[in-house]
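The chain contents come next:
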Amino acid sequence: MRESTPVVVIGAGPAGLTLANLLRLAGVGCVVLERQSRSHVARRQRAGVLDYASTRIFEEWGLAETLLAGMPEDRVLEIRVDGEPHLLDMRALSGGRTGRAIPQQVLVARLMAAFLDGGGDLRFDAGEVTPHDLDGTAPKVTYRDADGTLHEIACDYIAGCDGYHGVTRESVPAEAMTTYSYDHGIGWFTVLADAPPPRRPLFAISAHGFAAQFPRGPAACRLYLECAPDDMPADWNDDRVWEQSRLRLGDDALPTGPITDKAVVEMRSFVVDPMRYGRLFLVGDAAHIITPMGGKGMNLAIADADVLARALRAAVHDGDEEPLAAYSATCLRRVWNQQEFSRWLTELTHEAGDSALAGTFRRQLARARLDRLFASGPAGRAFADLMAGG
Ligand code: RFL
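For clarity, every value in this text was computed on a predicted model and none was experimentally measured.

Analysis parameters
- Residues numbered from 1 in each chain as written.
- Predicted model: local features only at pLDDT ≥ 70, side-chain atom pairs only at ≥ 80, totals over all residues.
- Heavy atoms only, no water.
- Pairing = 2+ DSSP bridges.
- Helix = DSSP H or I, 4+ residues; strand = E, 2+ residues; numbered from the N terminus.
- Patch = residues over 30% accessible without salt bridge, like charges linked within 9 Å, V, L, I, M, F, W, Y side chains within 5 Å.
- Areas by Shrake-Rupley, 256 points an atom, 1.4 Å probe, with all protein chains shown as cover.
- Salt bridge = Lys/Arg side-chain N within 4 Å of Asp/Glu carboxyl O.
- Lys, Arg positive; Asp, Glu negative; His and termini not counted.
- Charge placed at Lys NZ, Arg CZ, Asp CG, Glu CD.
- Contact = heavy atoms within 4.5 Å.
- 1 Å grid on protein atoms, 1.4 Å probe; cavity = no way out; pocket = protein on both sides within 12 Å on 5 of 7 lines; lining within 4 Å.
- Points joined across faces, edges and corners; volume = space filled by probe spheres on them.
- Nonpolar A, V, L, I, M, F, W, Y, C, P; charged D, E, K, R; others polar.
- Domains from an automatic or database assignment.
- Axes fitted to C-alpha atoms, helices over the stretch in contact; angles between N-to-C directions.
- Left-handed = near helix turned anticlockwise from the far one by under 90°.
- Buried < 20%, exposed > 50% of the residue type's maximum accessible area, 1.4 Å probe, protein only.
- Near = heavy atom within 4 Å.
- Polar contact = N/O pair within 3.5 Å; in protein donor to acceptor, adjacent residues only side chain to side chain.
- Phe/Tyr/Trp six-rings, centres within 6.5 Å; stacked < 30°, edge-to-face > 60°.
- Lys NZ or Arg CZ within 6 Å of the ring centre and 35° of its normal.

Trainee: Can you help me understand the pairing of strand S6 (residues 84-89) in this one?
Mentor: Residues in a regular strand point their side chains to alternate faces of the sheet. Relative to S6, strand S5 (residues 76-81) is paired through 6 bridges, and the arrangement is antiparallel. By the bridge assignment, Ile79 is partnered in S6 with His86. Between the end of S5 and the start of S6, which pair antiparallel, lie 2 residues, with Asp82 showing a positive phi angle near 50 degrees.

Trainee: Help me understand a negative patch on the surface, please; the structure alone is not making it clear to me.
Mentor: Taken together, the side chains of Asp318, Asp320, Glu321 and Glu322 present a region of like negative charge at the surface. If you trace the backbone, Glu321 turns up in the loop between helix H8 (297-318) and helix H9 (322-351).

Trainee: Help me understand the sheet that holds strand S4 (residues 73-74) in this model?
Mentor: The strand order across the open sheet formed by 3 strands is S3-S7-S4, and the pairing between neighbours is antiparallel. Each edge of the sheet is formed by a strand with only one pairing partner; in this case those strands are strand S3 (49-50) and S4. Note: S3 against strand S7 (residues 99-101), 2 bridges, orientation antiparallel. If you follow Val49 over to S7, its bridge partner there is Ala101.

Trainee: Can you walk me through the environment of Gln105 in this structure?
Mentor: Relative to the helices and strands, Gln105 is located in helix H6 (residues 104-117). Sequence separation of Gln105 and Gly48 is 57 residues, and the distance between their C-alpha atoms is 8.7 Å. Apart from residues lying up to four places away in sequence, Gln105 is in contact with Ala42, Arg43, Arg44 and Gln45.

Trainee: Would you mind showing me how to read the layout of surface pockets here?
Mentor: Rolled over the atoms, a probe sized like a water molecule indicates the empty space that remains. Roughly 320 Å³ of internal volume is contained in the second largest pocket. Surrounding the second largest pocket, 21 residues form its lining, Pro72, Glu73, Ala101, Arg199 and Pro215 being those nearest its centre. Tallied by class, residues from the lining of the second largest pocket come to 13 nonpolar, 2 polar and 6 charged. In terms of domain composition, the lining of the second largest pocket takes at least three residues from each of domain 1 (2-74 + 98-180 + 269-340) and domain 2 (185-267 + 353-387).

Trainee: Please explain the packing of helix H3 (residues 52-60) against H8 as it appears in this structure.
Mentor: Each pair of packed helices can be summarised by the angle the axes make with each other and by the distance between the axes. Relative orientation of the contacting elements H3 and H8 amounts to 35 degrees, with a least axis distance of 9 Å. Seen along the crossing, H3 lies across H8 with a hand that is left-handed. Where H3 abuts H8, its residues Ser54, Ile57, Phe58 and Glu60 lie against Asn299, Ile302, Ala303, Asp306 and Arg310. Its residues assigned to classes, the contact of H3 with H8 shows 4 nonpolar, 2 polar and 3 charged.

Trainee: Looking at this model, I keep getting lost on the pattern of salt bridges. Mind explaining?
Mentor: In total, this model carries 21 salt bridges according to the counting rule given. The partner of Glu351 in a salt bridge is Arg362, with the nearest N and O atoms 2.9 Å apart. A residue pair is termed long-range when its members are at least 10 positions apart, and Glu351 in helix H9 and Arg362 in helix H10 (residues 355-375) qualify at 11 residues. We classify Glu351 as buried; its relative accessible area is 9%. Classification of Arg362 as partly exposed rests on a relative accessible area of 34%. What emerges from the salt-bridge pattern is a single network uniting Arg56, Glu59, Glu60, Asp306 and Arg310.

Trainee: Explanation requested: the site of the ligand in the structure shown.
Mentor: Every one of the 32 residues lining the ligand counts as a neighbour, but Glu34, Arg44, Gln104, Asp285 and Met298 are closest to it. Met298 places a main-chain nitrogen or oxygen 2.7 Å from an oxygen atom of the ligand. The side chain of Asn299 places a nitrogen or oxygen atom 3.5 Å from an oxygen atom of the ligand. Burial of the ligand by the surrounding chains reaches 88%, relative to a free accessible area of 1,000 Å². Elements represented by at least two residues in the shell around the ligand include exactly helix H1 (14-25), strand S15 (221-227) and H8. Element by element, the count of residues in the shell around the ligand is highest for H8, at 4 residues. Both domains that meet at the shell around the ligand, namely domain 1 (2-74 + 98-180 + 269-340) and domain 2 (185-267 + 353-387), each give it at least three residues.

Trainee: I tried to follow the packing of aromatic side chains on my own but got confused; where do I start?
Mentor: Aromatic ring pairs are reported here in terms of the distance separating the ring centres and the angle at which the planes meet. Under the defined criterion, the tally for this structure stands at 13 aromatic pairs. A ring pair is formed by Phe203 and Phe214, whose centres lie 5.9 Å apart and whose planes are at 80 degrees; its orientation type is edge-to-face. Taken together, the residues span a long stretch of sequence, with Phe203 in strand S13 (residues 202-205) and Phe214 in strand S14 (residues 211-215) at a distance of 11 residues. With respect to class, Phe203 is no different from Phe214; both count as buried. Seen in terms of ring centroids, Phe341 and Trp344 are 6.2 Å apart; in terms of plane orientation they differ by 20 degrees. Their pairing is stacked. Placement of both Phe341 and Trp344 in helix H9 is noted, with a separation of 3 residues, approximately one turn of the helix. With relative accessibility at 27%, the residue Trp344 sits in the partly exposed group. Three or more aromatic residues joined by ring pairs form one cluster here, namely Trp188, Phe203, Phe210, Phe214 and Tyr224. Over the face of the ring belonging to Trp236 we find Arg240, whose NZ or CZ atom lies 3.7 Å from the ring centre.

Trainee: Help me understand unusual backbone geometry, please; the structure alone is not making it clear to me.
Mentor: Glycine aside, a negative phi is what most residues show, and trans is what most peptide bonds show. Omega for the bond connecting Asp273 with Pro274 falls within 30 degrees of zero, at 0 degrees, which places this linkage in the cis form. Looking at the element boundaries, Pro274 is found in the loop between strand S16 (259-273) and strand S17 (276-277). Positive phi outside glycine occurs at Asp82, with the angle close to 50 degrees. For Asp82, a relative accessible area of 49% gives the class partly exposed. Despite not being glycine, Asp125 shows a phi value in the positive range, around 55 degrees. Assessed through its relative accessible area of 37%, Asp125 is described here as partly exposed.

Okay, here's the thing in structure tokens:
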């Protein structure tokens, strides 16, 4: 089956669904191809914070009410050091530029509903998705539907929104992109639990190792526990999870509940430059991954989608390819800023606790940085500014 559309979007995660919605609002036709089923995509639980910059993007496109209704403001961050709480009033420090707490799967489900309700063309269970002729003027994408029928879609542009393990980046010749990657040398074990969430996002620093606990809706939480880089989920039975959480959070009365998911997060960063090859544009995790520290992965995906939607609108409606030419450099500036922030925060929160990680001298340096963060207005505001994104 042959057909054509201005843009083929590959992947229906936060990047692909944001882009698809913005293209629809911009009057640019697109077809979205997703490998998984709708229920699989709507169930995938990962991030939980939309930073201020992302909320502004949805406001500017008139989507904020549809997407963010009922989602609480992300207002105060607690950093607990050796059991002692320090509250950072992110709203005051950022001058009111707060984000929203919203589980990724809720945002994804709402983005999907908004796109489909508006008449969008989103095809699930698309197998063998393959981009072709990226460096010419007439690219196309082929895929096989659930019935086994092979489809071919001719297009002007392809958006690679298929995550880190997707097919689009792999279809670019290796010599056409520079790859930067970094292993942070630590592991994070994470669980989702149907247990009462903390009153506010919480980082805990102590000699027992780093831990963090975040709300994921009204009745669930996500816990992150620093671990050895080669730990496996099987190394962490439920008793160990709760015992270590109580110890590291300094809370003997920590409420527990059924653990619904366990995973080891690779603490690795990755960036490709440029985020474009011919008529293919890489968006979100397909182009860069960042550690969960600082909560920026999903937000970078949304920011890329916004830049690309505006550039495609200019190209398709006005024949102006300048914004597309600037796409990669515009996004990478933000990506590197957030990579630096994430690395800085990882170093600070881990080295201030565990002297086995980087030695006692660096532990004292990290403690001094923490002290500055709590005591100095400018340091607090700089931190809040990075948390706000943009
Ligand atoms: P996604 O979400 O991986 O979506 C890619 C989509 O493409 C589909 N796909 C294909 N479709 C067609 N053909 C193919 N060949 C395909 N290959 C893949 C996939 O099925 C999927 O639907 O990438 P996207 O859209 O770029 O979004 C990125 C975010 O999901 C990611 O950055 C965040 O989840 C990262 N992240 C966090 N980000 C935050 O901003 N704040 C957080 O607190 C946060 N916590 C996390 C996280 C990631 C985690 N993982 C992945 C370990 C916590 C965790 C545990």
